[in-house]
Amino acid sequence: LYCLTTKFGSVSVLVVFSALLAPAAAFYLPGLAPVSFCEPGNDKVPDCKSTIELFVNRLDSVESVLPYEYTAFDFCSEKTMERPSENLGQVLFGERIEPSPYKFEFKKPVVCGKVCMRTYSTNNPSDKAKLDFLKKGMLLNYQHHWIVDNMPVTWCYDVEDGQKFCNPGFPIGCFVTEAGRSKDACIVNSNFNEKDAFYIFNHVDITIYYHIVEHEQLGARLVAAKIEPKSYENPNDDKPDCSGGPKFLKNKHTGEFKITYTYSVNFAEDKKIRWASRWDYILESMPHTNIQWFSIMNSLVIVLFLSGMVAMIMLRTLHKDIARYNQMDSVEDAQEEFGWKLVHGDVFRPPKKGMLLSVFLGSGTQIFIMTFVTLFFACLGFLSPANRGALMTCAVVLWVLLGTPAGYVAARLYKSFGGEKWKTNVLLTAFLCPGVVFADFFVMNLILWGEGSSAAMPFGTLVAILALWFCISVPLTFIGAYFGFKKTGIEYPVRTNQIPRQIPEQSFYTKPFPGIIMGGILPFGCIFIQLFFILNSIWSHQMYYMFGFLFLVFIILVITCSEATILLCYFHLCAEDYHWQWRSFLTSGFTAVYFLVYAIHYFFSKLQITGLASIILYYGYTMIMVLIFFLFTGTIGFFACFWFVTKIYSVVKVD
């Protein structure tokens, strides 16, 4: 099993995961089994390939949210072969993998091989549009993403402190401004000095590293593919020799312009890298592990602090309260009740807007289980970056199949709140939150369609997602709601008085809004460093692989949300404020507001996104993430507080 978390995740995940990973080394995931390669004419090894195919993926940029297909830039393309099939996750992330004309024979070097030539005339409107689009791509630093043997072709270069960074993409070109300032990749070559000009990387040097399998007659396996983009002005475009100066296009060029695309390929044996660890050189060039441990330690300190507070309340204050309340025998003593026992007749009074709260809690339960199961499988290596699109596919399929617990939780809680409009409850659970997400997603998709981006979901896929929602998720939600309403309502440990108790004047700190704002700070403090890496993987197109750390942070987040909500719930009950249901949900859910503030800060401080469409897309997709996170954290807070309130009122004697 190819599992990226074997090296990075197992140090942070529980020992159980390590035990589970050990026996998994004997098999391979579907589509991730190693492929053997042999020299042409070698028939000794069965199922051994001699031709290495190079596939191309969509191009993206850190300065734009809009990815484009490879063919949109008029590069050399292969039209005779069929495109590989893509799973749902790949389509949702805008991946468009296509065959390319770059094909190599194993261990057969090529020097300056011609791929194709493109000729443009600025007098032709179609050619001018293609050339302008190519210049736009270079100006916004769009990056190629090539694939060999299901492995990214990487561009490795030196960064500060003698470190080497291996980027799973490389630029199509770069731009030198009118003032002579080199942008992006133009700084790597001092010959890129023509002002107001675009330099095109029309040549690539590819080195493919292989490992010969020892003690097995299985041929060789590819363990790395590295590329170095270059620019050549060939004197003879029909017979290129890759010896001229850099190829550039003046910004105000008129007339004819030719681009000859060439490549060179070499093969090198690497005895150190084995097939199972061939992604490690990419991941090791990302120096984030120390920061991840800092994040974990930071989160653990917060958890220990909150756990200490909760333990103090449970073991000391609450224990004394319960003992004192249970010793009150006389009526006179009972009349002198104070603190949280005073509101025992109102603490389980149904909340206002109970319908909406139950619907939110049903959707939140669905998201919580989906997140837990997805991260669990990711920790075991099933959803590694090598298995493209698997993470998103797993999450969507789980969400669809988890309609039953959503309907059950919403119906059971709504019945316990005294609600009778069960049809409305079922319909809102099935359509409200998913409908808001789909409406936002559909508007974003319309913008992508208008911009001609590869991330625009095809109409057929959109219909398929609607079919999953209406034909599977909705019926499962109805089934869950049926069983939820069929069961009796939740039995509370104390009776609810007919007349609501008047809530005394609250101090500033025990009023709802200040408590809700304070409640979200600590959970957010546990996740904000991990959040930085997640946003980097989405918007800066960096590889995310540390699912072991993420699962641990997930557990810490659940504990922190629960403990922070229980603390504030106890303080409010002591202040004789018994409206805890909505407050517990919003206290924990307010973490999502801090998430939104951080996403806005990240946009202005870390990204260089330009263009109205890209900005709208960034905030549109961010709002989807914020809503999901709000439901997720709010549900944790509510159930933690519900357990706490039920527990403390079940151990006191009430007359």
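Residues numbered from 1 in each chain as written. Predicted model: local features only at pLDDT ≥ 70, side-chain atom pairs only at ≥ 80, totals over all residues. Heavy atoms only, no water.

Labelled according to an unreviewed UniProt entry, the protein chain appears under the name Transmembrane 9 superfamily member, originating from Amphiprion ocellaris. Reading the Sequence similarities (unreviewed entry) entry of the UniProt record for the protein chain gives the comment "Belongs to the nonaspanin (TM9SF) (TC 9.A.2) family." Regarding the protein chain, the relevant UniProt record gives this comment under Subcellular location (unreviewed entry): "Membrane". (UniProt positions renumbered as here; feature names shortened; annotations may be inferred.)

A. Looking closely at the overall build of the protein chain. In terms of helices and strands, the protein chain carries 17 helices and 19 strands. By the burial criterion, 52% of the 655 residues in the protein chain qualify as buried. Within the protein chain, counting contacts between residues at least 6 apart in sequence, those at least 24 apart form 78% of the total. Only carbon and sulfur atoms are counted for the fraction: they give 62% of the accessible area of the protein chain, which is about 30,100 Å². (Helix = DSSP H or I, 4+ residues; strand = E, 2+ residues; numbered from the N terminus. Buried < 20%, exposed > 50% of the residue type's maximum accessible area, 1.4 Å probe, protein only. Contact = heavy atoms within 4.5 Å. Areas by Shrake-Rupley, 256 points an atom, 1.4 Å probe, with all protein chains shown as cover.)

B. Representation of the side chain of Glu563. Looking at the element boundaries, Glu563 is found in helix α14 (residues 547–574). One buried charged residue, Glu563, remains without a salt bridge, the closest side chain of opposite sign being Lys647 at 16 Å. Not counting residues within four places of it along the chain, the set of residues in contact with Glu563 comprises Val303, Leu306, Ser307 and Val310. (Lys, Arg positive; Asp, Glu negative; His and termini not counted. Salt bridge = Lys/Arg side-chain N within 4 Å of Asp/Glu carboxyl O.)

C. Highlighting the pattern of salt bridges. On inspection of all chains with the given rule, the structure shows twelve salt bridges. Across the pair Arg118 and Asp74 runs a salt bridge, and its minimum N-O distance is 3.4 Å. Taken as a pair, Arg118 in strand β7 (residues 110–121) and Asp74 in the loop between β5 (64–68) and α2 (88–92) lie far apart in primary sequence, 44 residues in all. The two residues Arg118 and Asp74 agree in class, both being buried. A salt bridge links Asp132 to Lys135, with the nearest nitrogen and oxygen atoms 3.7 Å apart. Placement of the pair is Asp132 and Lys135 together in helix α3 (residues 125–139), with a separation of three residues, close to one helical turn. Look at Asp132 and you get partly exposed, because its relative accessible area is 33%. A single network of salt bridges, built from pairs that share partners, joins Lys128, Asp132 and Lys135.

D. Structural view of the side chain of His203. Tracing the sequence through the fold places His203 in strand β16 (residues 203–212). By relative accessible area, His203 is classed as buried at 2%. Polar contacts involving the side chain of His203 include one to the side chain of Asp205, which spans 2.8 Å. Engagement of the side chain of His203 in a polar contact is seen with the side chain of Thr262, the distance being 2.7 Å. Leave out the neighbours within four places in its chain, and His203 touches Cys112, Glu228, Pro229, Lys230, Tyr232, Cys242, Thr262, Tyr263 and Ser264. (Polar contact = N/O pair within 3.5 Å; in protein donor to acceptor, adjacent residues only side chain to side chain.)

E. Here's a closer look at the packing of aromatic side chains. For the structure shown, the criterion picks out 65 aromatic pairs. Cluster of aromatic residues (ring-pair linked, three or more members): Tyr68, Tyr70, Phe73, Phe75, Phe133, Tyr142 and Tyr261. Across the ring face of Phe257, the terminal group of Lys247 is positioned such that the distance to the ring centre comes to 4.8 Å. (Phe/Tyr/Trp six-rings, centres within 6.5 Å; stacked < 30°, edge-to-face > 60°. Lys NZ or Arg CZ within 6 Å of the ring centre and 35° of its normal.)

F. Representation of the pairing of strand β3 (residues 51–56) within the structure. Alternating residues of β3 divide into Ile52, Leu54 and Val56, all buried, and Thr51, Glu53 and Phe55, none buried. Direction of pairing for β3 relative to strand β6 (residues 98–105): antiparallel, over a ladder of five bridges. Bridging from a neighbouring strand, Ile52 pairs with Phe104 of β6. As judged from the three bridges shared by β3 and strand β9 (residues 146–148), these two strands associate in the antiparallel manner. Following the sheet pairing, Leu54 is matched in β9 by Val148. (Pairing = 2+ DSSP bridges.)

G. A look at the sheet that holds β6. The four strands lie next to each other as β6-β3-β9-β10, forming an open sheet whose pairing is antiparallel. Each having just a single partner strand, β6 and β10 (151–152) make up the two edges of the open sheet. The pairing of β9 with β10 spans two bridges and is classified as antiparallel. By the bridge assignment, Val148 is partnered in β10 with Met151.

H. Region of the structure containing helix α16 (residues 591–606). The end-to-end C-alpha distance of α16, which contains 16 residues, comes to 21 Å, matching closely the 22 Å that a straight helix rising 1.5 Å per residue would cover. Turning to α16, its buried residues are Thr591, Ala592, Tyr594, Phe595, Tyr598, Ala599, Tyr602 and Phe603. Those residues of α16 that are buried lie in contact with α12 (512–519), α13 (521–539), α15 (581–589) and α17 (612–650). (Expected span 1.5 Å × (residues − 1).)

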